[in-house]
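One-letter residues, chain by chain:
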Amino acid sequence: MRALFQFLNNVLGATAHNLKANRQVFLVSVATITVALSILGLFLLVFSNLKSMMSTWDRQVQLIVYLDDDVSEDQKSKLRALFEGHPEVEEVAFTSREEAWENFRHSFSGGADFIQDLDFNPLPGSFHMRFKSSPDRLDKIKDFAQVLNKQPGVESLEYGEKWVARFEKFMIFIQVFLLAVGGLLCLGLILIISNTIKLSYYSRQDEIELMRLIGATNRYIRTPFLLEGVCVGFFGAVASLALLKAMHYYIQLRFQESLDFLTRGVVIQFLPFSWSVSMVVVSMAVGLMGSYYSIHQFLESGDRQ
Amino acid sequence: MIQLFNVFKSYGGVSPALDGVTLTIHKGDFVYLTGPSGAGKTTLLKILFRRERLDRGQVLVHGFNVGKLDDSRLYQLRRKIGVVFQDYKLLPRKTVFQNVAFAQEVIGVDRKTVKAHTWQALKEVGLTQKRNAYPPELSGGEQQRVAIARALVNRPSILLADEPTGNLDPAMAAEILALFEQANRNGVTVVLATHNQELLRAGRYPVITLNRGRVVES
Ligand SMILES: Nc1ncnc2c1ncn2[C@@H]1O[C@H](COP(=O)(O)OP(=O)(O)OP(=O)(O)O)[C@@H](O)[C@H]1O
Ligand SMILES: [Mg+2]
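Residues numbered from 1 in each chain as written. Chains lettered and ligands numbered in written order. Predicted model: local features only at pLDDT ≥ 70, side-chain atom pairs only at ≥ 80, totals over all residues. Heavy atoms only, no water.

Participant: Please clarify how the overall build of chain B should be interpreted in this entry.
Facilitator: For chain B, the count of helices and strands is seven helices and 10 strands. A globule of 218 residues ought to have a C-alpha radius of gyration of about 17 Å, and chain B, at 17 Å, matches this closely. Its C-alpha atoms put chain B at 45 × 40 × 30 Å along the principal axes. Counting all 218 residues of chain B, 54% fall into the buried class. Put simply, of all contacts in chain B between residues at least 6 apart along the chain, 68% involve residues at least 24 apart. Carbon together with sulfur atoms contributes 48% to the accessible area of chain B, which is approximately 10200 Å² in total. (Helix = DSSP H or I, 4+ residues; strand = E, 2+ residues; numbered from the N terminus. Rg over C-alpha atoms; globule rule 2.2 N^0.38 Å. Buried < 20%, exposed > 50% of the residue type's maximum accessible area, 1.4 Å probe, protein only. Contact = heavy atoms within 4.5 Å. Areas by Shrake-Rupley, 256 points an atom, 1.4 Å probe, with all protein chains shown as cover.)

This is the structure in structure tokens:
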């Protein structure tokens, strides 16, 4: 226990020493990571906001089945059974002709008088169905519509907000795109960090050689470098989050109002907390991999050094 | 303590640096290693703490089979051996005190002990007043003494020194030798590679002479 504490104490001291001695290279690579992660973070910011808007729009994806005016109760209950039996249907709501008329009049109250004066009900009864969220929801709705079209008692069908379903496909594309960009970026960052660590290693080569000759373990030699990589990742990620937060604040201040028509009242959110944490963790992991990659090469070269 | 049997080492040149060296050095011995330039003295020392790998033969040091020693256990061998390098290998940006302390820190000695032992080691070589100086500010003899303090501070069982009196005047050389003798009296096995005829002629210790990688007399 004491030995472990001693080990940590020495290793942390060595890491701090490295960072100080190697300040310039360290800051440059932190800055590089900050910029790279900020770009990725901006994408993520847009993506996370689209996603949360999606979930509000999502409620509007529905299939509306208008019924014949002379539909029988029997036909109605058959249709309802059909809807409720469909595995993708999440919710079915029935609106009778009277309710439709009431709603209609209500939303136009104070409006044109001729509507209030109408003495017959022109509106059909309808079923509204919401479907479970899935990437090929639109296809499923279409398929189902084909079936329904031929059912007795059905007058016509309508998809609400077809584009939302299309947009969902687009979101999937964005997700794949982000994953690819993120993956490539991480790869690049690993190389950058491994290079940083390499420089740090070279700048202390004499010391390391001596440590080896005196009998320091490989782990003792390696750990400060690994921590250095982790630190680069950590500070880079934190700095990029700070930068993103500042940008987010600025965007909100400047553009929230003009974007309202797009966002339909949804406030532009910052990255969810879990995403921010993930960014930091991933960045630290990237730092670790980068430094491991370079330090591995040196220590593999055996004891000749 | 140290046993070599038919050790062969080549750097790829025309003739090997060590060519069938067989010798034994017992625990607590003090021996000189000598021979003309290029005879293989440094190479021999390097093989003992496996700074260099041997090509053929057997090397036993403090119970370690050096030729077959796994990399992951190399540090255990090296902790048994203190080395005074020909070029000292002091870290120029650390003070004298930090240089000696460093040797203990890197093998995980706790802070208090480091302080006490460093102080003790510097006292033994008579450098306590210079503890805050940096190596480039020291004379050759002083640097040599720092290197000795560092080599001894972890209480090794074997002390290897390569040309420790190389560029020192006779008085200083005698002082340095006294330090090695002191260590030897404390039970450390000492192997000292040198050209210094004065030391050799004093005749107090056995001499191993190498020539072109072979042991000439023992
Ligand atoms: N790293 C190396 N690469 C190639 N050849 C080497 C290397 N080190 C030593 N040699 C060669 O091996 C031979 C023995 O060298 P070594 O340094 O052991 O001699 P030495 O007895 O210590 O000489 P000196 O008294 O000059 O220090 C020499 O011929 C030298 O040129
Ligand atoms: Mg030599």
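Participant: Is there a simple way to explain the pattern of salt bridges in this structure?
Facilitator: Side-chain pairing between opposite charges can occur once the charged atoms of the two side chains come close. On inspection of all chains with the given rule, the structure shows 12 salt bridges over all chains. The partner of B:E52 in a salt bridge is B:K9, with the nearest N and O atoms 3.7 Å apart. Placement of B:E52 in the loop between α1 (41–48) and β4 (56–61) and of B:K9 in strand β1 (residues 2–9) is noted, with a sequence separation of 43 residues between them. The class for B:E52 is buried, based on a relative accessible area of 8%. Assessed through its relative accessible area of 8%, B:K9 is described here as buried. One connected set of salt bridges, linked through shared partners, spans A:E209, B:R51, B:D87 and B:K89. (Salt bridge = Lys/Arg side-chain N within 4 Å of Asp/Glu carboxyl O.)

Participant: Which parts of the structure should I look at to understand helix α6 (residues 137–149) of chain A?
Facilitator: Given 3.6 residues per helical turn, the α-helix brings residues three or four places apart onto the same face. Residues and elements named next belong to chain A. When the terminal C-alpha atoms of α6 are compared, their 18 Å separation across 13 residues agrees well with the 18 Å that a helix rising 1.5 Å per residue should span. Within α6, burial applies to R137, L138, I141, F144, A145 and L148. Seen along its axis, α6 keeps its buried residues to an arc of 125 degrees; they face one direction. In α6, the exposed positions that point more than 90 degrees away from the buried face belong to D143 and Q146. (Expected span 1.5 Å × (residues − 1). Arc of directions from axis to C-beta.)

Participant: What's the story with the side chain of B:Q104 in this structure? I'm lost.
Facilitator: Residues and elements named next belong to chain B. You can see Q104 is positioned in helix α3 (residues 96–105). Looking at Q104, the relative accessible area reads 1%, which means it is buried. Each residue touching Q104, except ones within four places of it in the same chain, is listed here: V109, T113, V114, H117, T118, V153 and N154.

Participant: Mind showing me how you'd approach the confidence of the model for chain B here?
Facilitator: Do not read the fine detail of predicted coordinates wherever pLDDT is low. Residues and elements named next belong to chain B. Looking at chain B as a whole, its pLDDT mean stands at 92, while 99% of the residues score no less than 70. Confidence scores differ between elements of chain B, with helix α7 (residues 197–202) showing the lowest mean pLDDT of 81 and strand β6 (residues 81–84) the highest of 96. With a pTM of 0.73, the predicted complex shows an ipTM of 0.90. (pLDDT = per-residue confidence, 0-100.)

Participant: How should I be thinking about the site of ligand 1 in this particular structure?
Facilitator: Residues and elements named next belong to chain B. Around ligand 1, the surrounding shell consists of Y11, A17, P36, S37, G38, A39, G40, K41, T42, T43 and H195. Contact between ligand 1 and G40: an oxygen atom at 2.9 Å from a main-chain N or O atom of the residue. Contacts to ligand 1 include K41, whose side-chain N or O atom sits 2.7 Å from an oxygen atom. Within the complex, 59% of the 620 Å² of free accessible area of ligand 1 lies under protein. Among the residues forming the shell around ligand 1, the class breakdown is four nonpolar, six polar and one charged. (Near = heavy atom within 4 Å. Polar contact = N/O pair within 3.5 Å; in protein donor to acceptor, adjacent residues only side chain to side chain. Nonpolar A, V, L, I, M, F, W, Y, C, P; charged D, E, K, R; others polar.)

Participant: I would appreciate a short explanation of the packing of helix α5 (residues 140–152) of chain B against helix α6 (residues 170–185) of chain B in the present structure.
Facilitator: Two quantities define a packed helix pair, namely the angle between the helix axes and the distance between the axes. All names here are of chain B. Two elements in contact, α5 and α6, have axes separated by 11 Å at closest approach and are oriented at 5 degrees. Classified by the angle between their axes, α5 and α6 sit roughly parallel to one another. Across the interface between the two elements, G141, Q144, R145, I148 and L152 of α5 pack against M172, E175, I176, L179, F180 and A183 of α6. Here the residues of the contact of α5 with α6 sort into seven nonpolar, two polar and two charged. (Axes fitted to C-alpha atoms, helices over the stretch in contact; angles between N-to-C directions. Parallel < 35°, antiparallel > 145°, perpendicular 65-115°, else oblique.)

Participant: What is the right way to read the nonpolar core from this model?
Facilitator: B:L4, B:V59, B:L160 and B:F180 are the most contacted members of the largest nonpolar core, which has 116 residues in total. Element by element, the count of residues in this core is highest for helix α2 (residues 23–58) of chain A, at 11 residues. Beyond its immediate sequence surroundings of up to four residues, B:L160 is in contact with B:L45, B:L48, B:F49, B:I81, B:G82, B:V83, B:V84 and B:V191. One finds A:L63, A:L67, A:V71 and A:I141 within the second-largest nonpolar core, a separate group that totals 17 residues. (Core = buried A, V, L, I, M, F, W, Y, C linked by side-chain atoms within 4.5 Å.)

Participant: What is the right way to look at the packing of aromatic side chains in this model?
Facilitator: Two aromatic rings, taken as a pair, are described by how far apart their centres are and by the angle between their planes. Residue and element names in this part refer to chain A. Inspection of the entire model under this criterion finds 13 aromatic pairs over all chains. Between F43 and F177, the ring centres sit 5.8 Å apart and the planes meet at 75 degrees, which makes this aromatic pair edge-to-face. Placement of F43 in helix α2 and of F177 in helix α7 (residues 162–203) is noted, with a sequence separation of 134 residues between them. Relative to F225, the ring of Y201 lies with its centre 5.7 Å away and its plane at 45 degrees, an arrangement referred to as tilted. Highlighted residues: Y201 in helix α7 and F225 in helix α9 (residues 218–263), separated in sequence by 24 residues. Summarising the burial analysis for this pair, Y201 and F225 share the class buried. One cation-aromatic arrangement involves K245 over F270; the distance from NZ or CZ to the ring centre is 4.7 Å. (Phe/Tyr/Trp six-rings, centres within 6.5 Å; stacked < 30°, edge-to-face > 60°. Lys NZ or Arg CZ within 6 Å of the ring centre and 35° of its normal.)

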